[in-house]
Amino acid sequence: MSRRITPERSSLQIHKLRKQIDYLSNFRSFNRATCLVTMYIPPGASLNEIRNTLREEYGTATNIKDKPTGKAVQDALSRVIAALTGPEAKGNGISIFCGKVQTNKIELFAIEPPEPIAIKLYVCDDHFHLDHLQEMLIEKDSYGIVVIDRSGADFAQLRGSHVKMISHHDSYVPSKHGRGGQSQARIERGIEILADEFFTKMAINTNELFLEKYPVTGIIIGGAAFAQERFAENKALNYQIREKIIGTFNLGYTGHQGIRELLEKSAETLSEVRLIQEKKLVDKFLEHLGKDTGLITYGITELQEALAAGAVETVLLSSEVDRIEVELKCQTCDFTESRISPDKNTFEFEEEVEGSDCPKCPNGRLTITNRTSFIDILSEKALLTGATIEVISTEHESGRMLFDAFSGLAGLLRYAWTSSY
Ligand SMILES: [Zn+2]
């Protein structure tokens, strides 16, 4: 059986994209003229056709009056054409940013974003066009919504600010207000059994909906007269569903009106979901640290070693860790060196080292031949060993501490492991 489940985008993917956008927004064309190329190519698009179009653009660029600008456009186009290999755009498609920038070098960046590119765009400007990538940063987590009481249940899904109604179910459980009489107690017991059966049926429905059909990050449940709590405790609810329940709320309404009321009441809870997850992760780290279980590690060197050894289950990466490693080469002699930037302002760091003096020969100047972001180095290692990376924001106290006291890098381990250092 094969089922396609839309993967939820990880905190790492979003973090990485945000950093890339920040970085690319620094670039301007070398002469302030329109010679920086931005391209968005959706998945499945024919690269043959696109290469042909770019060759035509190359020809048209000979008409540009300012010769240095025309040459820069043509150089950028040649680089893009060479970078677009294969018959069609794979995966989520590709976005390309290329041109002669303020350092007078021709830079080329190709980014496969975390979700499919939905537009086809070629534009030449004095800066890169990043709007389409920017849109992907908008919250995409979705939440399952259940409003239930003895009379019926409603299911919906919340994504961003959009609510999709999924289904409504009537219970046909009679009301408890009987007319009295001898058989009243027996009737009430019967009604209770019917109500239980309805809740169980709805629990099974919840499992099917929110684990399979509409996989969600979290679930909120609302109801009247404690029905929501009774439902949340129903034994037929899958344990994975139980773990996703982020709140139960008492409501005055049922049906669609109940869903609206539930959204209002849970707004604060929802905005804190990621925050709570992050705090839990840091707490877990601190608990192991306090108890000295040996099941954690921290620091750049230690973490990388533990990752390489396959000992890391989860990497906690502070959102402020923003290092890059650059390969430098002298333009005159054979001197090469790799350097790691300090946190923040990797763009400034690059500007600083590009063209700096060679320590080996008298007139040599260093140039950057390769750059790798620390996030990429980490993700590659994590991917090889099945570790997950969780990006922890520094906007809350726990996250702030992770950055200040543990250099923003920690690992929850699969087994006790000690560094060889
Ligand atoms: Zn040199």
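Fair warning: this is a prediction, and the values are worked out from it, not measured in the lab.

### Focus: the overall build of the chain
Looking only at helices and strands, one finds 13 helices and 16 strands in the chain. Its C-alpha radius of gyration of 28 Å places the chain more than 25% over the 22 Å reference for a compact globule of 421 residues. Considering only C-alpha atoms, the chain reaches an extent of 105 × 60 × 40 Å along its principal axes. For the chain, the residues scored as buried account for 43% of the 421 residues in total.

### Details of the pairing of strand β12 (residues 324–330)
On β12, burial follows the alternation: Ile324, Val326, Leu328 and Cys330 on one face are buried, whereas Glu325, Glu327 and Lys329 on the facing-out side are not. Where β12 and strand β14 (residues 366–373) come together, seven bridges link them in antiparallel fashion. The residue of β14 that forms the bridge with Lys329 is Thr367. As judged from the five bridges shared by β12 and strand β13 (residues 336–340), these two strands associate in the antiparallel manner. In the strand pairing of β13, Glu325 is matched with Ile340.

### Describing the packing of aromatic side chains
Summed over all chains, the structure comprises 14 aromatic pairs. Judged by centre distance (5.4 Å) and plane angle (40 degrees), the rings of Phe27 and Phe109 are tilted. Pair noted here: Phe27 is in the loop between α1 (11–24) and β1 (36–41) and Phe109 is in strand β3 (residues 106–111), with a separation of 82 residues, a long-range link. Their ring planes at 50 degrees and their centres at 6.4 Å tell us that Phe155 and Phe210 sit as a pair that is tilted.

### Describing the sheet that holds β1
The strands making up a sheet associate through hydrogen bonds between their backbones, and the pairing can be parallel or antiparallel. Across the sheet, four strands lie side by side as β3-β2-β1-β4; this open sheet has antiparallel pairing. A strand with exactly one partner marks an edge of an open sheet, and here the two such strands are β3 and β4 (121–125). The sheet shows a mean angle of 10 degrees between the axes of neighbouring strands, taken without regard to direction. Relative to β3, strand β2 (residues 94–100) is paired through six bridges, and the arrangement is antiparallel. Counterpart to Ile96 in the pairing with β3 is Ala110. Along the sheet face, helix α2 (residues 47–60) touches β1 and β4 and points at about 160 degrees away from the line of β1.

### With respect to the environment of Arg150
Within the secondary structure layout, Arg150 lies in the loop between β5 (142–149) and β6 (152–159). Each C-alpha atom of the pair Arg150 and Pro174 lies 8.7 Å from the other, and the pair is 24 residues apart in sequence.

### Focus on the coordination of the zinc ion
Donor atoms from the polypeptide that coordinate the zinc ion comprise Cys330 (SG), Cys333 (SG), Cys358 (SG) and Cys361 (SG), at 2.3 Å from the metal. Geometry at the zinc ion is tetrahedral, judged from the four donor atoms that bind it and their angles of 106 to 112 degrees at the metal. On the primary sequence, the residues serving as donors to the zinc ion are separated as C-x2-C-x24-C-x2-C. The class for Cys330 is buried, based on a relative accessible area of 1%.

### Points about the confidence of the model for the chain
Taken over all residues, the pLDDT of the chain has a mean of 88, while the share at 70 or more is 94%. In this model, residues 1–8 is a region of pLDDT below 50 whose contacts with residues beyond four sequence positions or in other chains number eight contacts.

### Focus: the packing of helix α9 (residues 273–291) against helix α13 (residues 397–406)
Two elements in contact, α9 and α13, have axes separated by 9 Å at closest approach and are oriented at 45 degrees. With respect to their mutual orientation, α9 and α13 come out oblique. Between α9, through Lys279, Val282, Phe285, Leu286 and Leu289, and α13, the contact on the second element is made entirely by Ser398, Met401 and Phe406. Along the lines of polarity and charge, the residues of the contact of α9 with α13 split into six nonpolar, one polar and one charged.

### What about the domain arrangement of the chain?
Per the domain assignment, the segments of the chain are domain 1 (11–135), domain 2 (142–271) and domain 3 (272–421). Relative placement of domain 1 and domain 2: their C-alpha centres are 49 Å apart.

### Points about the side chain of Thr38
Summarising the element assignment, Thr38 is placed in strand β1. With a relative accessible area of 0%, Thr38 lands in the buried category. At a separation of 3.0 Å, a polar atom in the side chain of Thr38 contacts the main-chain amide nitrogen of His129. Thr38 has contacts with Ile96, Phe97, Leu121, Tyr122, Val123, His127, Phe128 and His129, leaving out every residue within four places of it along the chain.

### A closer look at unusual backbone geometry
Unusually for a residue other than glycine, Asp292 sits at a positive phi of about 55 degrees. Looking at the element boundaries, Asp292 is found in the loop between α9 and β10 (296–298). A positive phi angle is found at Ser407, which is not glycine, with a value near 50 degrees. Note that Ser407 resides in the loop between α13 and β16 (409–413).

Conventions we followed
- Residues numbered from 1 in each chain as written.
- Predicted model: local features only at pLDDT ≥ 70, side-chain atom pairs only at ≥ 80, totals over all residues.
- Heavy atoms only, no water.
- Helix = DSSP H or I, 4+ residues; strand = E, 2+ residues; numbered from the N terminus.
- Rg over C-alpha atoms; globule rule 2.2 N^0.38 Å.
- Buried < 20%, exposed > 50% of the residue type's maximum accessible area, 1.4 Å probe, protein only.
- Pairing = 2+ DSSP bridges.
- Phe/Tyr/Trp six-rings, centres within 6.5 Å; stacked < 30°, edge-to-face > 60°.
- Axes fitted to C-alpha atoms, helices over the stretch in contact; angles between N-to-C directions.
- Contact = heavy atoms within 4.5 Å.
- Donors = N, O, S within 2.8 Å, 3.2 Å for Na, K, Ca; no water.
- Tetrahedral: all angles 85-135°; square planar, octahedral: opposite > 155°, others 65-115°.
- pLDDT = per-residue confidence, 0-100.
- Parallel < 35°, antiparallel > 145°, perpendicular 65-115°, else oblique.
- Nonpolar A, V, L, I, M, F, W, Y, C, P; charged D, E, K, R; others polar.
- Domains from an automatic or database assignment.
- Polar contact = N/O pair within 3.5 Å; in protein donor to acceptor, adjacent residues only side chain to side chain.

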